[in-house]
Amino acid sequence: MSAPQIATESIPPLQAPAAQSPRVLRVWPAVVLAAAYWVAMVVISQLDLPIFAGFFSSVGASVLTGLLFSIWFLTRRAIPGTNRLLLVLAVVVGAMVVGFGSDKSVGFQGLLFIGPPLLVTACAIWLLIARKWSPTAIRNGLVVALALAWAPFLLVRINGVDGDQQASISGRWSTTAEDRYLAERASAAPKSPAPQSVESAANHTLALAPGDWPGFRGENRQGELHGAKIATDWKAAPPKLVWKQHIGPAWSSFVVLGNRLFTQEQRGEEEAVVCLDAATGKEQWAHLDKARFSDGQAGAGPRSSPVFDKGRIYAMGATGVVNCLDAATGRVLWARDALADSGASKPMWGFSSSPLVVGDLVIVYAGGPGDKGLLAYRVADGKPAWSVATGPVSYSSPQLVTLGKEAQVLLLSDAGLIAVNPTSGKLRWTYETPPRQMWRVAQPRQVAESSIVLGSEDLGLMRLDLTPHSDGPWTPTVAWTTRALRPAYNDFVYQDGFIYGFDEGFCCCVDAKTGTRQWKGGRYGHGQLILLADQKLLFVISEYGAGVLVSARPDKHEELGRFEAISGKTWNHPVIARGRLYARNSEEIACYQLAMPDTHTAQVSQPRASGGAVR
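Looking at the overall build of the chain
Scanning the chain for helices and strands turns up eight helices and 37 strands. In terms of its C-alpha atoms, the chain occupies a principal-axis envelope of roughly 140 × 60 × 50 Å. Across the 615 residues in the chain, those meeting the buried criterion constitute 54%. Restricting to contacts in the chain with at least 6 residues of sequence separation, those with at least 24 account for 57%. In the form shown here, the chain has an accessible surface area of approximately 27,300 Å², with 58% of it arising from carbon and sulfur atoms.

What follows is the structure in structure tokens.
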């Protein structure tokens, strides 16, 4: 029997299974996420946000961008699991290399601030290009993109940030302004005065005279100039440069005493209190302490300003060293370590409080635990006199006021405002303000016999009316609060019932009786100002060194004149004394002669310094 024949015509031929096309990676979420971050940064920069709100908004957006991208990336099935884990490992290794290998100004903090969005942006661009390519090509390209995103962190240095949290970036190995200043000093001839000039100065006790500027924000620390007028037509009679030269980093202001100018600076690993010839800028003497403080926002150097009293200069360094020096010679009369005396932790941005001399005591803020917040030393020998509790965080300075007929010293900290008897340190009253650990800088200002206006970025501005009690603490009552003026680290002034200051970089006028804002105009950044009370004028030094003359009137903002005084980030308080303007920042210091009213030229009383670095 023959085998049955199988019909093959009806059976289709066997075929190999169709190969699955590679899964196409959908990258639009990553692209949208990267774009959303940069749009958010533009929006935040344009919003009128407080400094701390802007800072935490930027950091929060950075972290959130990195987190959302990580979640999206780790759930992409189009990228093999081993590739995803390998890339996560590459990110971690890169972060460790950059964190430990970058300049100390960058470190892990810099990575947290801007690292995630840069990585996300680099990865999103590559994924958009290679989304249809093989997993191997995508993986290798992402490794390269990550390396390119990390590399700049190893090559740059952050030279601090401005008031809007915008970083100043330069090459990691480029010469800093401080390095150039130190090299300039090393190559120049010795600047110390001739021995006979120091000896002559030491033969008499220096004393304040009309027109002098005794310390931080002038007389009574109110930022006011009385008994002097200047020309307001700066086109016809602009400020005339007398001298300009480099200086070491610091955010200190000045003491002006006759023809002497006192300030503080950093010189490498030493903090310096210096005396200059006010007419030429030449150094008269310098006292040096082996101390250095630096932070990522403000950089290196002292933060507080010296004060003069009865022939002595009192100064506090950024690490807490308090010096009492002979003003004529710089000789040390005594010194204390407020950090050790108080048991405080070193502040995040250094000791910034300027000493206050009241009678036979010098009072400084230390922020130590228990009752070691505000310290008083005896001016005769530096021995402790009393101490009182405050909050642990403040960059404000003790402020002397007379409420009713009673002298009191005010101190604003994260815990609120306290008032103490300057002789005994006895607490007179307190006003508590949440939250704790919030930095506060601006000086409280007395605006009536028993009324104080205080302000900070988190509180805005508020007026306290005090009710005295002879047998107990006074009672503060809030008259009004407003967010119309939020002084960050910019002090405000008071004139004829109105307050003038900065609200996040804008100049503002607020009614001191009601807290109502009268006007807001003129964006000068986070600068400082002086009130020329006799002329109802504000002299403003902008955050980047422009000198601006503004009318101190409540009806409108009016800018009267402007010139470029110094260059670079300027947070230091300027000084006008004896017809001259003194301005400085962390890089340079300058002196300008101001014309008197109705004159078109100003005669300089002393010749320009021939040895100064005039530019």
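Side note on the environment of Phe 52
Structurally, Phe 52 can be placed in helix α2 (residues 51-74). When its relative accessible area of 27% is taken as the criterion, Phe 52 is described as partly exposed. Ignoring any residue separated from it by four or fewer positions in sequence, one finds Phe 52 in contact with Met 438, Glu 457 and Asp 458.

A few points about unusual backbone geometry
Within the chain, Glu 504 stands out as a residue other than glycine whose phi angle is a positive 50°. Here Glu 504 is to be found in the loop between β28 (498-503) and β29 (506-511). A positive phi is found at Arg 578, a non-glycine position, where the angle reads about 55°. Secondary-structure assignment places Arg 578 in the loop between β35 (575-577) and β36 (580-584). Look at Arg 578 and you get partly exposed, because its relative accessible area is 45%.

As for the sheet that holds strand β37 (residues 588-593)
Pairing is antiparallel across the open sheet formed by four strands, whose spatial order is β4-β37-β36-β35. Strands at the two margins of the open sheet, each flanked by one partner only, are β4 (240-246) and β35. Averaged over neighbouring strand pairs, the angle between their axes works out to 15° when direction is ignored. When β4 meets β37, the two strands line up antiparallel, connected through six bridges. Across the sheet, the residue bridging to Lys 240 is Gln 593, located in β37.

Quick look at the pattern of salt bridges
A side chain of one charge can pair with a side chain of the opposite charge if their charged atoms are brought near each other. On inspection of all chains with the given rule, the structure shows 17 salt bridges. Of the charged contacts in the structure, one is a salt bridge between Glu 283 and Arg 185, with a shortest N-O distance of 3.3 Å. With Glu 283 in strand β8 (residues 283-290) and Arg 185 in helix α6 (residues 177-187), this pair connects stretches of sequence that are 98 residues apart. Salt bridges sharing partners connect three or more residues here, namely Arg 185, Glu 265, Arg 267 and Glu 283.

So, the pairing of strand β6 (residues 260-267)
For β6, a buried count of seven out of eight residues is recorded, marking the element as mostly surrounded by other parts of the structure. The turn linking strand β5 (residues 255-257) back onto β6 is made up of two residues, and Gly 258 within it adopts a positive phi angle of 60°. Sheet analysis places β6 next to strand β7 (residues 270-277), joined by eight bridges and oriented antiparallel. Residue Glu 265 lies in a different strand from β7, and its bridge partner there is Ala 272. Where β6 hands over to β7, the hairpin turn is made up of two residues, of which Gly 268 adopts a positive phi near 65°.

About the cut-offs
Residues numbered from 1 in each chain as written. Predicted model: local features only at pLDDT ≥ 70, side-chain atom pairs only at ≥ 80, totals over all residues. Heavy atoms only, no water. Helix = DSSP H or I, 4+ residues; strand = E, 2+ residues; numbered from the N terminus. Buried < 20%, exposed > 50% of the residue type's maximum accessible area, 1.4 Å probe, protein only. Contact = heavy atoms within 4.5 Å. Areas by Shrake-Rupley, 256 points an atom, 1.4 Å probe, with all protein chains shown as cover. Pairing = 2+ DSSP bridges. Axes fitted to C-alpha atoms, helices over the stretch in contact; angles between N-to-C directions. Salt bridge = Lys/Arg side-chain N within 4 Å of Asp/Glu carboxyl O.

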